[in-house]
Amino acid sequence: MELDGKVAVVTGGTRGVGAGIAGAFAQAGAEVVVCARRPPEVPLPGTEFVPLDVRDPGAVGRLFAGLPRVDVLVNNAGGAPHRLLTEAGPDRHARVVELNLLAPLTVSLAAYDRLRRARGSIVMIGSVSGGRPSPGTAAYGAAKAGLESLARSMAVEWAPDVRVNTLVVGMVRTERSHLHYGDRDGVDAVARTVPLGRLAEPSDVGSAAVFLASRAAAYISGASLLVHGGGERPVFLDAATADHTQAADKATAGHPTVAHEES
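Note that the structure is a prediction, hence the values are computed from the model and not measured.

> A description of unusual backbone geometry should follow, citing residues and the corresponding values.
Here the bond from Ala159 into Pro160 is cis, since omega is 0°, no more than 30 degrees from zero. Even without glycine at this site, Arg119 takes up a positive phi of about 50°. Counting through the fold element by element, Arg119 comes out in the loop between α3 (90–118) and β5 (121–127).

Pasting the structure below:
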């Protein structure tokens, strides 16, 4: 999955998941341009920082006009504070949708000509919040659901020149995890709800993004790849009082074991 000589642009690439993605592309040999409103607190090796507000179409257009080549675009910039629907006005929710849905469209359109010439790839950074209820971040969840739909339509409209895929990301351990999950005990407790037993690291998301941008994924477009450690254990399993072991024993009593043969 080497990307030697490729140019990758990562929005929101200065911290957290974005920094993990930028680092993975740099390790894969790509020239990486990271964009955000503020520079990284710690320099990211192998990357070039460009200040950018992805909600500003003029600034986005000027950025890509100044890049001679773009092979990969990772639309990672996004996020939302925890806010119940009734605790904010429509304008605040609209800003969340603007950042998480409209801005990736703006950036993708600005990058399209260069991506088409390079027969490149777009990776959208989606969220499991787009596929389940997202109380406290409802507008964010709705925007991420829209982002997956947008990516599938783009994959059809822009084929065969540009591949477009989505990473559907679950819970990730970052420098801001405490804002969502609490102290260390809280983070550890949340991690135990994941089937794989831990939160994702930013590098896990980065590796998946590199895969989708690489030749190894040359025939993958319009897809949504789950990066969530197996998802969430159904809560009814912990609430149920049935002894499933005894029930299974009774159900199979008297029945011989069936051997399956391969033809």
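After that view, the rundown keeps rolling.
> Which residues make up α3, and what are the values?
The terminal C-alpha atoms of α3, which comprises 29 residues, lie 40 Å apart, in line with the 42 Å expected from a rise of 1.5 Å per residue. At Tyr112, α3 shows its largest bend, some 55°. After α3 finishes, the residue Arg119 shows a positive phi value of roughly 50°.

> Describe the environment of Asp71, naming the residues involved and giving the relevant values.
For Asp71, the position within the fold is in the loop between α2 (57–65) and β4 (72–75). Spatially, the C-alpha atom of Asp71 lies 8.6 Å from that of Arg117, the residues being 46 residues apart in sequence. In this structure, Asp71 is in contact with Gly5, Lys6, Val7, Leu115, Ala118, Gly120 and Ser121, ignoring residues within four places of it in sequence. At a separation of 2.8 Å, a polar atom in the side chain of Asp71 contacts the main-chain amide nitrogen of Val7.

> Report on the packing of α2 against α3, specifying residues and quantitative values.
In the contact formed by α2 and α3, the axes pass within 9 Å of each other and the chain directions differ by 25°. In terms of axis orientation, α2 runs roughly parallel to α3. Here α2 and α3 pass one another in a crossing that is right-handed. Contact residues: α2 offers Pro57, Val60, Gly61, Phe64 and Ala65, while α3 offers Thr106, Val107, Ala110, Ala111 and Arg114. Across the contact of α2 with α3, the residue classes tally to seven nonpolar, two polar and one charged.

The rules we used
Residues numbered from 1 in each chain as written. Predicted model: local features only at pLDDT ≥ 70, side-chain atom pairs only at ≥ 80, totals over all residues. Heavy atoms only, no water. Helix = DSSP H or I, 4+ residues; strand = E, 2+ residues; numbered from the N terminus. Expected span 1.5 Å × (residues − 1). Bend = angle between axes of the 7 residues up to and from the residue. Contact = heavy atoms within 4.5 Å. Polar contact = N/O pair within 3.5 Å; in protein donor to acceptor, adjacent residues only side chain to side chain. Axes fitted to C-alpha atoms, helices over the stretch in contact; angles between N-to-C directions. Parallel < 35°, antiparallel > 145°, perpendicular 65-115°, else oblique. Left-handed = near helix turned anticlockwise from the far one by under 90°. Nonpolar A, V, L, I, M, F, W, Y, C, P; charged D, E, K, R; others polar.

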